[in-house]
Amino acid sequence: MSSPREQEPLLQHAQFESSYGQNHINMTVTEENLEAIAPRGVDDAVGRIDDDEARRIMRRIDWRIMPLLFLTYAFNFMDKTILSSASVFGPREDTHLKGSDYSWVSSVFYFGYFLWAYPTTLLVARLPIAKYLAINTFFWGAVVALTAACSNYGGLVTVRFLLGVAEATVSPALMFITSTWYTRDEIPIRTGIWFAGNSVGGIVSSLLAYGIGHITNSLSPWRWMFIVLGVATFLMGVALIFFLPDTISNAKFLTPRERQWVGDRIVIAGTGRTEKTTWKRYQVLECLRDPKTWLIWSIALLCQIPNGGTQNFANLVIKSFGFDSLQSTLINIPYSVIAIIAISGTGWLAGRFRSMNCILVGLIVIPPVVGSALIGSRSSIPHGVSLFGYFLLSTGPAGLPLLLSLVQSNYRGVTKKMTMTALLFIAYCTGNIVGPQLFISTEEPTYDTAFRAIMICYALVVCLVAILRFYLQLVNKRRQQEEGIEGSAGASGTVGGGKVIDVADAHHVTEAVNEVQLRPEDYEDTTDWETFGFRYRL
């Protein structure tokens, strides 16, 4: 395990004539965009930015971008999982659900998500991202509010399907925004921050359900839950319209000089710029041929099968431990607190240490293996021990943001990255469709099959993530031998005519942006396979 500070020297020189050799060069540099990306000297209008000013700029970016992403993801989670909180307040009886109907109401959300997953990733990269995300948020808020009007199985299935379509945009959009604004070392930490909105949303959702659960008027509490969250989500869309910038170049809260600096640091220490790119067929094919694509896909699938079931049946399982409806909503609060600590903590570690990402995925799913085994043995152990086993499941959700970080940091090329993003969320949907079906109604309340499946899935994750790490390590070693340089897992590859910058920390990023004169080819939309000096985070 090595931290960024233990890596190679700041500047390495590659012994070759072109940064990309004989690989694909697809960007056309016109007079219009040449001016925007022309190399900078130290005496030009942009000038030098020192460490103090760099920190001030990044603080402004963090305070503008991260709260919006965090709140969006919190609403995304609350609106998706409020069905579980509401499930103990009578929706199954009020809408006349029978047998496996509730499982299908839970799963159909992911059919809508699955249907829209790939088309929306294409639109995320081509449309003004803030406006597109805001429009989706308006739509999904309206759908959530309309759920309160459902009176039968058909109505619930319809609104849940449409909610899946609406929310399919959220995660790919947030990943795109994160890789647009942040470097490879910053991406895991920032992803952990906004993904923690999931668990904070879980706490707020539980408190909201507990409070609204006391309503005794003619409108059922579960209907009020959907109305309140739907209206709040719609208002969130208004905030996105007014405060979230579409791109770095039109971020009005930064000066032109600051925008240039932010864009250049992503070219040097990120995964390349995301503006003014086009869809490239060869990048799609490269993504599909890349072995790491299918290893990450399989790990995501196995992580999400347990997630799909526990999200929707959590309150029913807790209630079976002897708690009433109101108490079951409060029990989820410590569960969510543990998840917040796991997500944010592993995100920080993955950003701090470039060789820890895969190890963290493997470690974080071990407690759920133990927890599912305990719950599966509930007939022979006290309820208190079973409840402890349930809390052990709470670290499992931290696996997905680590995988998201791995995709954002290890894939270059906008089309390749967005194709992988789509595949990742197809796996996410598939797992969440399968998960609730493992909670067989005839096995209620023990759900033996489901918890055996959860244990097996997480055990397989440990095996596959070890294979993934070994593969990435092997590729890094092979590329180092072929290229004759160490390369860096914290930089975007060669820039400035053949230099590989090792940006060990924020100071080195600032220094590199000041010292390196970027060339037009440094802004080209190339993939990780094509980029000399690019090394994978492990």
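Residues numbered from 1 in each chain as written. Predicted model: local features only at pLDDT ≥ 70, side-chain atom pairs only at ≥ 80, totals over all residues. Heavy atoms only, no water.

So, the overall build of the protein chain
Argument step 1. Summing up its helical and strand segments, the protein chain has 21 helices and three strands in all.
Argument step 2. Expressed as a percentage of the 538 residues in the protein chain, the buried residues total 61%.
Argument step 3. Carbon and sulfur atoms make up 64% of the accessible area of the protein chain, which amounts to about 20,100 Å² in all. (Helix = DSSP H or I, 4+ residues; strand = E, 2+ residues; numbered from the N terminus. Buried < 20%, exposed > 50% of the residue type's maximum accessible area, 1.4 Å probe, protein only. Areas by Shrake-Rupley, 256 points an atom, 1.4 Å probe, with all protein chains shown as cover.)

Regarding the pattern of salt bridges
Argument step 1. According to the stated counting rule, one finds 17 salt bridges in the structure shown.
Argument step 2. E186 is the partner of R265 in a salt bridge, and the nearest nitrogen-oxygen pair spans 2.8 Å. Taken together, the residues R265 in helix α11 (residues 256–269) and E186 in the loop between α7 (170–181) and α8 (187–195) connect sequence positions 79 residues apart. A single burial state applies to R265 and to E186, both of which are buried.
Argument step 3. Between K416 and E286 there is a salt bridge, and its shortest N-O distance comes to 2.9 Å. With a gap of 130 residues between them, K416 in helix α19 (residues 414–437) and E286 in helix α12 (residues 281–289) connect regions that are remote in the sequence. Comparing K416 with E286, the two get one shared label, buried.
Argument step 4. Here the residues in one salt-bridge network are E286, D290, K292, K416 and D528, joined through shared partners. (Salt bridge = Lys/Arg side-chain N within 4 Å of Asp/Glu carboxyl O.)

Overview of the packing of aromatic side chains
Argument step 1. Throughout the structure, instances matching the rule amount to 20 aromatic pairs.
Argument step 2. With a centroid separation of 6.0 Å and an interplanar angle of 55°, the aromatic rings of Y390 and F391 are classed as tilted. Accessibility assignment for this pair places Y390 and F391 in one class, buried.
Argument step 3. Here the basic side chain of R352 rests over the ring of F353, its NZ or CZ set 5.2 Å away from the ring centre. (Phe/Tyr/Trp six-rings, centres within 6.5 Å; stacked < 30°, edge-to-face > 60°. Lys NZ or Arg CZ within 6 Å of the ring centre and 35° of its normal.)

Re the environment of M236
Argument step 1. Structurally, M236 is set in helix α10 (residues 221–243).
Argument step 2. For the pair M236 and F75, spaced 161 residues apart in sequence, the C-alpha separation works out to 8.4 Å.
Argument step 3. When residues no more than four places from it in sequence are discounted, the contact partners of M236 are L68, L71, T72, F75 and T137. (Contact = heavy atoms within 4.5 Å.)

A few points about a nonpolar patch on the surface
Argument step 1. There is a patch of nonpolar side chains on the surface, built from V231, F234, L235, V238, I241, F242 and F243 and spanning about 680 Å² of accessible area.
Argument step 2. What makes V238 partly exposed here is its relative accessible area of 32%. (Patch = residues over 30% accessible without salt bridge, like charges linked within 9 Å, V, L, I, M, F, W, Y side chains within 5 Å.)

Regarding the environment of S379
Argument step 1. Inspection of the secondary structure assignment puts S379 in the loop between α16 (366–376) and α17 (383–392).
Argument step 2. On a C-alpha basis, the gap between S379 and T446 in space is 8.4 Å, while along the polypeptide they are 67 residues apart.

Regarding the packing of α7 against α11
Argument step 1. For the pair α7 and α11, the least separation of the axes is 8 Å and the interaxial angle reads 100°. Taken as axis vectors, α7 and α11 run roughly perpendicular relative to one another. Side by side, α7 and α11 meet where S179, T180 and W181 of the first sit next to V262, R265 and I266 of the second. (Axes fitted to C-alpha atoms, helices over the stretch in contact; angles between N-to-C directions. Parallel < 35°, antiparallel > 145°, perpendicular 65-115°, else oblique.)

Observations regarding the packing of helix α2 (residues 51–86) against α8
When two helices pack together, you describe them by how their axes are tilted relative to each other and by the distance separating the axes.
Argument step 1. It is the contact of α2 with α8, at a shortest axis distance of 7 Å, that shows an interaxial angle of 45°. Comparing the axis directions of α2 and α8 gives the class oblique. Along the contact surface, α2 presents D62, M66, L69, F70 and Y73, while α8 presents R190, I193, W194 and F195.
Argument step 2. Among the residues making up the contact of α2 with α8, the classes are represented as seven nonpolar, no polar and two charged. (Nonpolar A, V, L, I, M, F, W, Y, C, P; charged D, E, K, R; others polar.)

Focus on the confidence of the model for the protein chain
Interpretation of the predicted coordinates at a detailed level should be avoided for regions scoring low in pLDDT.
Argument step 1. Averaged over all residues, the pLDDT of the protein chain is 83; the fraction at 70 or higher stands at 89%.
Argument step 2. Here helix α1 (residues 31–37) stands out as the least confident element of the protein chain, with mean pLDDT 37; helix α15 (residues 357–364) is the most confident, with 96.
Argument step 3. Low confidence marks residues 1–45, where pLDDT is under 50. Its contacts with residues over four positions away, or in another chain, come to 101 contacts. (pLDDT = per-residue confidence, 0-100.)

With respect to the state of the cysteines
Argument step 1. All told, the structure shown has zero disulfides when counted by the stated rule.
Argument step 2. Cysteine C303 remains unbridged, with the sulfur of C457 as its closest cysteine sulfur at 9.0 Å.
Argument step 3. C303 sits in the buried class, given a relative accessible area of 2%. (Disulfide = S-S within 2.5 Å.)

Considering α15
Argument step 1. Across the eight residues that make up α15, a large majority, six, are buried.
Argument step 2. The set of residues buried in α15 consists of N357, C358, L360, V361, G362 and I364.

A closer look at the side chain of N476
Argument step 1. Of note, N476 is situated in helix α20 (residues 448–483).
Argument step 2. On the basis of relative accessibility, which here comes to 12%, the residue N476 falls in the buried class.
Argument step 3. If we skip the residues at most four places from it in the chain, N476 touches R535, Y536 and L538.

Examining α19
Quick reminder: α-helices carry 3.6 residues per turn. Residues three or four places apart thus point the same way.
Argument step 1. Taking 1.5 Å of rise per residue, the 24 residues of α19 would be expected to cover 34 Å, and the 35 Å separating its terminal C-alpha atoms lies within 8% of that figure.
Argument step 2. Burial analysis of α19 places 21 of its 24 residues in the buried class, which makes it a mostly covered element. (Expected span 1.5 Å × (residues − 1).)

Comments concerning the side chain of D246
Argument step 1. You can see D246 is positioned in the loop between α10 and α11.
Argument step 2. In this structure D246 comes out as buried when scored by relative accessible area, which is 12%.
Argument step 3. Reaching out from D246, the side chain makes a polar contact with the backbone nitrogen of I129 at a distance of 3.4 Å.
Argument step 4. Separated by 2.6 Å, the side chains of D246 and K131 make a polar contact.
Argument step 5. Ignoring anything within four residues of it in the chain, the contact list for D246 reads P128, I129, A130 and K131. (Polar contact = N/O pair within 3.5 Å; in protein donor to acceptor, adjacent residues only side chain to side chain.)

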